[in-house]
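Chains, contacts and geometry: an overview
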Amino acid sequence: MDVTFETDDGRRFQEEIWFFSPVREIKEKLHKSHGIPVSRQTLCFNGIIMEDEHDFEYYNVIQGSVIRLHLQPEPEPEPEPVPAPVPEPEPSYGRGRGYVKVTVLMPRVAMGIKRLEFVVNLDDKVGELRKELLRMEEMYYSINFPPEGFFFIHKGNVMEEDNPYWWHDVKAGDVIEIFSGILHFFFFLLWSSSKMDVTFETDDGRRFEEEIWFFSPVSEIKEKLHKSHGFPVSHQTLFFNGMIMEDEHDFEYHNVIQGSVILLRLQRVLEPKPEPEPEPTNGGGRKMKVTVLVPRVATGMKRLEVEVNLADNVSELRKELLRMKERSYSLYLPPEGFFFIYKCSVMEEDKPFWWHDVKAGDIIEIFNGSVTQG
């Protein structure tokens, strides 16, 4: 049938489509004929978005229907960030211990970036980090620091800003947290036990304790369990209070505290079963699956997957459907009779499937009535 497509800018064009074509197929056709990427297309009919897995018959599209074609704007390519050159390390305080990269964690109340990476000089005082953060806030970074002030925590200890990083034993890759000054040391003392014992329980009831850091990312804990217990990271899923713990969040985000119990589910890898070799039948024919569409007036299933033999006559499909109806399948077949349509042509039931050029995964429709010759 001929269907009209109308774009957002009022442009119209017609396409000849098949009544049972899936929406996805039509999008690919529009891509080939008009150069519109499939990912940018959204089709709407009667105010309803047409989902890829359904066909046009599902949406009651008929000859002459007008379908709205919405096009998503093309994304502008983001410019690749140019990494800032790392300055050559200059010795300060007469020691010259060099530069390391650390991660600074913003407080949860801050807007914008939560994790920031910095290259710091081990001989600089921690106060230099405060100056750099305040410079960033004044410039172009979307960062808001607590107006009441803040202080730094490294490995559970308050950092003295008049002492250098090496004095605090800062190493490459370490994490430095920013704490709001409004709660000051009371808040810190409340959570200063940043190392805590947590119980892990597996699906089979096995329990074990691990000492973890309050701000450890979930991905880090999975790696720790891999090292200490041999559980592959990709097989682990952690649950706390019924929620999946995402790798990018830390334990503080999930409100895990001392003594908490975390459910550890381990994915079991099943070995794939070898597929049996197809058994030749009727002179060496090959078996395959096809999809049979029943008419919409039928109740129960709309699509049936049926295994057929290429060498069998199409009439064997009729027998199999009638057998399915007599068994436990909720299948309705037209009492006035039916015939098969394949690629818009009536199938001759005394001819085999290979004669009709049927391929694996092809669709065969059932139509009401009978075929009259002549």
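Residues numbered from 1 in each chain as written. Predicted model: local features only at pLDDT ≥ 70, side-chain atom pairs only at ≥ 80, totals over all residues. Heavy atoms only, no water.

**Focus: the overall build of the chain**
Counting its secondary structure elements, the chain contains five helices and 20 strands. Burial status across the chain gives 39% buried among its 374 residues. Contacts in the chain between residues at least 24 apart in sequence constitute 57% of all its contacts with a sequence separation of at least 6. Carbon and sulfur atoms form 53% of the exposed surface of the chain, whose accessible area is close to 23,100 Å². (Helix = DSSP H or I, 4+ residues; strand = E, 2+ residues; numbered from the N terminus. Buried < 20%, exposed > 50% of the residue type's maximum accessible area, 1.4 Å probe, protein only. Contact = heavy atoms within 4.5 Å. Areas by Shrake-Rupley, 256 points an atom, 1.4 Å probe, with all protein chains shown as cover.)

**Examining the sheet that holds strand E19 (residues 345-346)**
In any sheet, the strands associate via hydrogen bonds between backbone groups, in a parallel or an antiparallel arrangement. Within the open sheet, the five strands sit side by side as E17-E16-E20-E18-E19. Their pairing is mixed. Among the strands making up the open sheet, the edge pair consists of strand E17 (303-309) and E19. The pairing of strand E16 (residues 287-293) with strand E20 (residues 363-368) spans three bridges and is parallel. By the bridge assignment, Val292 is partnered in E20 with Ile364. (Pairing = 2+ DSSP bridges.)

**Side note on the pattern of salt bridges**
For the structure on display, the rule yields 23 salt bridges. Close ionic contact of Glu210 with Lys224 constitutes a salt bridge, the shortest N to O distance being 3.9 Å. Pair noted here: Glu210 is in strand E12 (residues 207-213) and Lys224 is in helix H4 (residues 218-229), with a separation of 14 residues, a long-range link. For Lys224, a relative accessible area of 31% puts it in the partly exposed group. What you see here is one network of salt bridges that share partners, running through Glu6, Asp8, Arg12 and Arg68. (Salt bridge = Lys/Arg side-chain N within 4 Å of Asp/Glu carboxyl O.)

**Some remarks on the packing of aromatic side chains**
Taken as a whole, this structure holds 10 aromatic pairs when the rule is applied. With 5.7 Å between their ring centres and 80° between their planes, Phe150 and Phe152 make a pair best called edge-to-face. Overall, the relative accessible area of 8% leaves Phe150 in the buried class. With relative accessibility at 0%, the residue Phe152 sits in the buried group. (Phe/Tyr/Trp six-rings, centres within 6.5 Å; stacked < 30°, edge-to-face > 60°.)

**Quick word on helix H2 (residues 127-138)**
Relative to the 16 Å expected for 12 residues at 1.5 Å per residue, H2 spans 17 Å between its end C-alpha atoms, a close match to the ideal helical length. Along H2, the residues that are buried comprise Gly127, Leu129, Leu133 and Met136. Taken together, the buried residues of H2 touch strand E6 (99-105), strand E7 (115-121), strand E8 (150-154) and strand E10 (175-180). (Expected span 1.5 Å × (residues − 1).)

**Some details on the sheet that holds strand E13 (residues 236-240)**
An order of E12-E11-E15-E13-E14 is seen for the five strands of this open sheet, with the pairing classed as mixed. The strands lining the two open edges of the sheet, one partner per strand, are E12 and strand E14 (243-244). Examined bridge by bridge, strand E11 (residues 195-202) and strand E15 (residues 261-266) share four bridges and lie parallel to one another. Bridge pairing links Thr202 to Leu264 in E15. Sitting on the sheet, H4 is in contact with E11, E12, E13 and E15, with an inclination near 130° to E12. (Axes fitted to C-alpha atoms, helices over the stretch in contact; angles between N-to-C directions.)

**Quick word on helix H5 (residues 315-326)**
With 12 residues, H5 extends 17 Å between its outermost C-alpha atoms, agreeing within 8% with the 16 Å of an ideal straight helix rising 1.5 Å per residue. Along H5, the residues that are buried comprise Leu317, Leu321 and Met324. Buried residues in H5, looked at end-on, bunch into an arc of 60°, giving them a common side. Tucked inside the fold, the buried residues of H5 contact E16, E17, strand E18 (338-342) and E20. (Arc of directions from axis to C-beta.)

**Considering the nonpolar core**
Of all hydrophobic cores here, the largest spans 24 residues; its most connected members are Phe200, Leu225, Leu238, Met245, Phe251, Val256 and Ile262. Contributions of two or more residues to this core are made by E8, E10, E11, E12, H4, E13 and E15. With near-sequence residues (within four places) excluded, Ile262 lies in contact with Val198, Thr199, Phe200, Glu201, Leu238, Phe239, Phe240, Met245, Phe251 and Val256. With 21 residues, the next largest nonpolar core counts Val292, Val306, Leu317 and Met347 among its residues. (Core = buried A, V, L, I, M, F, W, Y, C linked by side-chain atoms within 4.5 Å.)

**Here we look at the side chain of Glu365**
Positionally, Glu365 belongs in strand E20. The charged side chain of Glu365 is buried without a salt bridge, its nearest counter-charge being Arg303 at 8.6 Å. With sequence-adjacent residues up to four places away left out, Glu365 is seen in contact with Trp18, Phe20, Leu293, Phe339, Phe340 and Ile341. (Lys, Arg positive; Asp, Glu negative; His and termini not counted.)

**Re the confidence of the model for the chain**
The share of residues in the chain with pLDDT of 70 or more is 80%, and the mean pLDDT across the chain is 81. pLDDT under 50 marks residues 182-187. Its contacts with residues more than four places away, or in other chains, come to four contacts. A low-confidence stretch, residues 189-193 (pLDDT under 50), is modelled with three contacts involving residues beyond four sequence positions or located in other chains. (pLDDT = per-residue confidence, 0-100.)

**Details of unusual backbone geometry**
For Asn46, which is not a glycine, the phi torsion comes out positive at approximately 55°. Assignment of secondary structure puts Asn46 in the loop between strand E3 (41-45) and strand E4 (48-49). A relative accessible area of 66% places Asn46 in the exposed class. Phi is positive for Asn255, close to 60°, though the residue is something other than glycine. With respect to the element layout, Asn255 can be found in the loop between E14 and E15.

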